[in-house]
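Residue-level structure breakdown
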Amino acid sequence: MVGHRGNSGFAPENTAAAFAQAAVAGANMIETDVRLTADGELFLFHDETGVRTTNVAQVYPLRAEDPITSFTAGELRRLDAGAHFGPEYAGEPIVFLSELPAALGFDLGVNLEIKSPVSSPGVEQELALMLAGNRDWAQLLETQQLAVSSFDPASVSRLADLHLPAWQLVSTDPDAVLLAGTDPRVRGVVADHRCLTAQGAAAVRAAELGLWVYTVNSDADTAAVLALGVDAVITDFPGNLLAPAVPGGPADAGRDTSEEPPAVPVVR
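This structure is a prediction, so every number in the text was calculated from the model and none was measured.

1. A word on the overall build of the protein chain
Each helix and strand counted, the protein chain has eleven helices and nine strands in total. For the protein chain, with 268 residues in total, the buried portion stands at 50%. Here the protein chain displays about 11800 Å² of accessible surface, and carbon together with sulfur accounts for 56% of that area.

2. A closer look at the nonpolar core
By size, the foremost hydrophobic cluster in this structure holds 47 residues, and its most contacted members are Leu-97, Leu-100, Val-110, Leu-112, Leu-127, Trp-137 and Val-233. Those residues in contact with Val-110 that lie beyond four places of it in its chain are Met-29, Ile-30, Leu-100, Leu-104, Trp-137, Leu-140, Gln-145, Leu-146 and Ala-147. Of all hydrophobic cores here, the second largest spans 13 residues; its members include Ala-73, Leu-76, Ala-81 and Ile-94.

3. A word on empty space enclosed by the protein
One simple way to see leftover space: roll a probe sized like a water molecule over the atoms. In this structure the tally under the stated criterion is one cavity of 30 Å³ or more. When its volume is computed, the largest cavity comes out at roughly 70 Å³. Lining the largest cavity, in full, are Glu-13, Asn-14, Thr-15, Leu-44, Phe-45, His-46, Asp-47, Thr-53, Ala-81, His-84 and Ile-94. Split by residue class, the lining of the largest cavity holds four nonpolar, five polar and two charged.

4. Some thoughts on the environment of Leu-127
The residue Leu-127 is located in helix H5 (residues 123-132) in this model. Once residues lying within four places of it in the same chain are set aside, the contact partners of Leu-127 are Leu-42, Leu-97, Leu-112, Ile-114, Val-148, Leu-159 and Leu-164.

5. Quick look at helix H9 (residues 198-206)
Restricting attention to buried positions, one finds in H9 the residues Gly-200, Ala-201, Ala-203 and Val-204. All buried residues of H9 fall inside an arc of 160 degrees around its axis, so they share one side. In H9, the exposed positions that point more than 90 degrees away from the buried face belong to Gln-199 and Ala-206. Where the residues of H9 are buried, they touch helix H8 (176-180), strand S7 (188-192) and strand S8 (210-214). Where H9 terminates, the next one or two residues include Glu-208, which has phi positive at roughly 60 degrees.

6. Some details on helix H1 (residues 16-25)
Turning to H1, its buried residues are Ala-17, Ala-18, Phe-19 and Ala-22. Along its buried surface, H1 packs onto strand S2 (29-36), strand S3 (42-44) and helix H4 (100-104).

7. Points about the environment of Gln-58
By secondary structure assignment, the location of Gln-58 is in helix H2 (residues 56-59). Of the residues examined, Gln-58 reaches a relative accessible area of 60% and is grouped as exposed. Taking the C-alpha atoms as reference, Gln-58 lies 9.2 Å from Leu-79; in sequence the two are 21 residues apart.

8. Overview of the pattern of salt bridges
Following the criterion strictly, the structure yields 15 salt bridges and no others. With its nearest N and O atoms 3.2 Å apart, the salt bridge here joins Glu-13 to Arg-5. Comparing Glu-13 with Arg-5, the two get one shared label, buried. The salt bridge involving Arg-194 is made with Asp-192; its shortest N-O contact spans 2.7 Å. For Asp-192, a relative accessible area of 6% translates into the label buried. Overlapping salt bridges, with partners in common, bring together Arg-5, Glu-13, Asp-33, Asp-47 and Arg-52 in one network.

9. Describing the side chain of Arg-5
Along the chain, Arg-5 falls in the loop between strand S1 (2-4) and H1. Side-chain polar atoms of Arg-5 contact the side chain of His-4, separated by 3.5 Å. There is a polar contact of 2.9 Å between the side chain of Arg-5 and the side chain of His-46. Not counting the four nearest positions on each side in its chain, Arg-5 is found in contact with Glu-13, Asn-14, Ala-18, Phe-19, Glu-31, Asp-33, His-46 and Arg-52.

10. Here we look at the environment of Ile-234
Here Ile-234 is to be found in strand S9 (residues 232-235). In this structure Ile-234 comes out as buried when scored by relative accessible area, which is 2%. Excluding anything up to four places from it in sequence, Ile-234 contacts Val-2, His-4, Glu-31, Asn-111, Val-190, Val-213, Tyr-214, Thr-215 and Val-216.

11. Some points on the pairing of S7
With five of five residues buried, S7 is to be regarded as a mostly interior element. Two strands pair when backbone bridges link them, and strand S6 (residues 166-170) and S7 are joined in this way by four bridges, in the parallel orientation. When the bridges of S7 are listed, Leu-169 appears paired with Val-190. Of the pairings in the sheet, the one linking S7 to S8 comprises five bridges and is parallel in character. Residue pairing in the sheet places Val-190 in a bridge with Trp-212 of S8. At this point the chain moves from S7, through H9, to the parallel S8, and the crossover so formed is right-handed.

Calculation rules
- Residues numbered from 1 in each chain as written.
- Predicted model: local features only at pLDDT ≥ 70, side-chain atom pairs only at ≥ 80, totals over all residues.
- Heavy atoms only, no water.
- Helix = DSSP H or I, 4+ residues; strand = E, 2+ residues; numbered from the N terminus.
- Buried < 20%, exposed > 50% of the residue type's maximum accessible area, 1.4 Å probe, protein only.
- Areas by Shrake-Rupley, 256 points an atom, 1.4 Å probe, with all protein chains shown as cover.
- Core = buried A, V, L, I, M, F, W, Y, C linked by side-chain atoms within 4.5 Å.
- Contact = heavy atoms within 4.5 Å.
- 1 Å grid on protein atoms, 1.4 Å probe; cavity = no way out; pocket = protein on both sides within 12 Å on 5 of 7 lines; lining within 4 Å.
- Points joined across faces, edges and corners; volume = space filled by probe spheres on them.
- Nonpolar A, V, L, I, M, F, W, Y, C, P; charged D, E, K, R; others polar.
- Arc of directions from axis to C-beta.
- Salt bridge = Lys/Arg side-chain N within 4 Å of Asp/Glu carboxyl O.
- Polar contact = N/O pair within 3.5 Å; in protein donor to acceptor, adjacent residues only side chain to side chain.
- Pairing = 2+ DSSP bridges.
- Right-handed = clockwise from strand over helix to strand, strands pointing away.

These results come straight from atomic positions and should not be treated as a statement about function.
Here it is in structure tokens:
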């Protein structure tokens, strides 16, 4: 169970609060988005601009619609990334990748998505340098609890060139034709659950790749993708989807769990 931008259904996405809540909710891993600031620092942010999730319009009214990557690290540190979600989160800052270990405590695996690499040229190399120079990140790599993904095939290939655990994000069914055009060094595919078919799942398995799905937010959709044999489910509500499977819970009555494997994402 992977917390999408943390526990983003209940906390402001990609913030320390959301990451901490994902751990409490029972997630095995968090997914977050990586970009580069104008002066070359790695930070965690999904949107192209800061309008939806920060107070950029108040702090920088003339630049509100500018690309978020056009701001320096110092400028981004002035923004509030929590108040839009609720007053109790006012003051939550944008998180920089160097700060993520402290926010997680390394209780969780990490799926880093390279967001719009064309707007962050060199982001893959900067990421590789940070991971190589940090003992905690190296530990995640060694224990196979780190994945790096992108929709951009060229970015995925650059990640593979840098010997990072590269995963290909796709928005269509990952059938044999699509997989034929995917870098052969990828560890797996992260697919849109709405597009995944039994044939696509079988093609991924035939290629001996891992299979994750995004963004699954209902019990019915969870059951459907689990029936297809996925390794991990990315969700905004990890606690909600895990609740029925808690041993002794309502959905557990009369079910023999002795032979069931732990619900930990497989990172190949």
